[in-house]
Amino acid sequence: VELSCIIKSTVTPDPRIEWKKIRDGETSYVFFGNKMQGDFVTRAEILSRTSLVIRNTTRMDTATYRCEVAAPLDAKTIDEINIQLTVQ
């Protein structure tokens, strides 16, 4: 599964990008500090600096995934997108 988080423009040279998983009211990090977290370490990666690819998805991956971008030098310093993933 590939979840896309596209940054259209930024003047910040290296914006901070984080991915979080929200399931049953619990939020956990997927990608934080430029590295994968938890069980995603062995089965996920970041493509093109922003898109999250998860391999071997299971029903446990069903959740809302939030991509947060912090670009302190831009007019809009922070933005986020929520993507609902349902694994059948």
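Every value quoted in this text rests on a predicted model; they were computed, and no experiment measured them.

Draft legend 1. Representation of the UniProt feature "domain: Ig-like" (unreviewed entry) in the protein in the model. The UniProt entry lists residues 1-79 under the feature "domain: Ig-like" (unreviewed entry), expressed in the numbering used here. The span residues 1-79 is 0% helical and 47% strand by assignment, and the distance between its end C-alpha atoms comes to 23 Å.

Draft legend 2. Layout of the sheet that holds strand β3 (residues 26-32). Strand order in this open sheet of 5 strands is β4-β3-β2-β7-β8, and the pairing throughout is antiparallel. Either end of the sheet is taken by a strand with one partner, and the two such strands are β4 (35-36) and β8 (78-85). The pairing of β3 with β4 spans 2 bridges and is antiparallel. When the bridges of β4 are listed, phenylalanine 32 appears paired with lysine 35.

Draft legend 3. Fine view of the pattern of salt bridges. In this structure the tally under the stated criterion is 9 salt bridges. When the shortest N-O distance is used, the salt bridge between arginine 16 and glutamate 18 registers 2.9 Å. We classify glutamate 18 as buried; its relative accessible area is 5%. Between glutamate 68 and lysine 20 there is a salt bridge, and its shortest N-O distance comes to 3.3 Å. Here glutamate 68, found in strand β7 (residues 63-70), pairs with lysine 20, found in strand β2 (residues 16-23); they are 48 residues apart in sequence, far enough to count as distant. There is no split in this pair, since glutamate 68 and lysine 20 are both buried. Connected through salt bridges with shared partners, the residues Lys20, Arg66, Glu68 and Glu80 form a single ionic network.

Draft legend 4. Fine view of the nonpolar core. Core analysis: the biggest nonpolar cluster contains 18 residues, and Trp19, Val30, Met36, Phe40, Leu52 and Tyr65 have the highest contact counts within it. Broken down by secondary-structure element, the contributors of at least two residues to this core are β2, β3, β6 (51-54), β7 and β8. Considering each element in turn, this core owes the most residues, 4 residues, to β7. Sequence-distant contacts of leucine 52, that is, excluding residues within four places in its chain, are made with Val1, Glu2, Leu3, Trp19, Val30, Met36, Ala44, Glu45, Ile46 and Tyr65.

Draft legend 5. Local environment of the sheet that holds strand β1 (residues 2-3). Read across the sheet, 3 strands follow the order β1-β6-β5 without closing on themselves; strand pairing throughout is antiparallel. Only two strands of the sheet have a single partner each, and these edge strands are β1 and β5 (44-47). Looking at chain direction, β5 and β6 are connected through 4 bridges and run antiparallel. Of the residues in β6, the one forming a bridge with leucine 47 is serine 51.

Draft legend 6. Fine view of the state of the cysteines. The final tally for this structure, using the stated rule, is 1 disulfide. With a sulfur-sulfur separation of 2.0 Å, cysteine 5 is cross-linked through a disulfide to cysteine 67. Residues cysteine 5 and cysteine 67 are joined by a disulfide whose S-S torsion is about -75 degrees; by sign, that bridge is left-handed. Pair noted here: cysteine 5 is in the loop between β1 and β2 and cysteine 67 is in strand β7, with a separation of 62 residues, a long-range link. Across this residue pair, the class does not change: cysteine 5 and cysteine 67 are buried.

Calculation notes
- Residues numbered from 1 in each chain as written.
- Predicted model: local features only at pLDDT ≥ 70, side-chain atom pairs only at ≥ 80, totals over all residues.
- Heavy atoms only, no water.
- UniProt positions renumbered as here; feature names shortened; annotations may be inferred.
- Helix = DSSP H or I, 4+ residues; strand = E, 2+ residues; numbered from the N terminus.
- Pairing = 2+ DSSP bridges.
- Salt bridge = Lys/Arg side-chain N within 4 Å of Asp/Glu carboxyl O.
- Buried < 20%, exposed > 50% of the residue type's maximum accessible area, 1.4 Å probe, protein only.
- Core = buried A, V, L, I, M, F, W, Y, C linked by side-chain atoms within 4.5 Å.
- Contact = heavy atoms within 4.5 Å.
- Disulfide = S-S within 2.5 Å.

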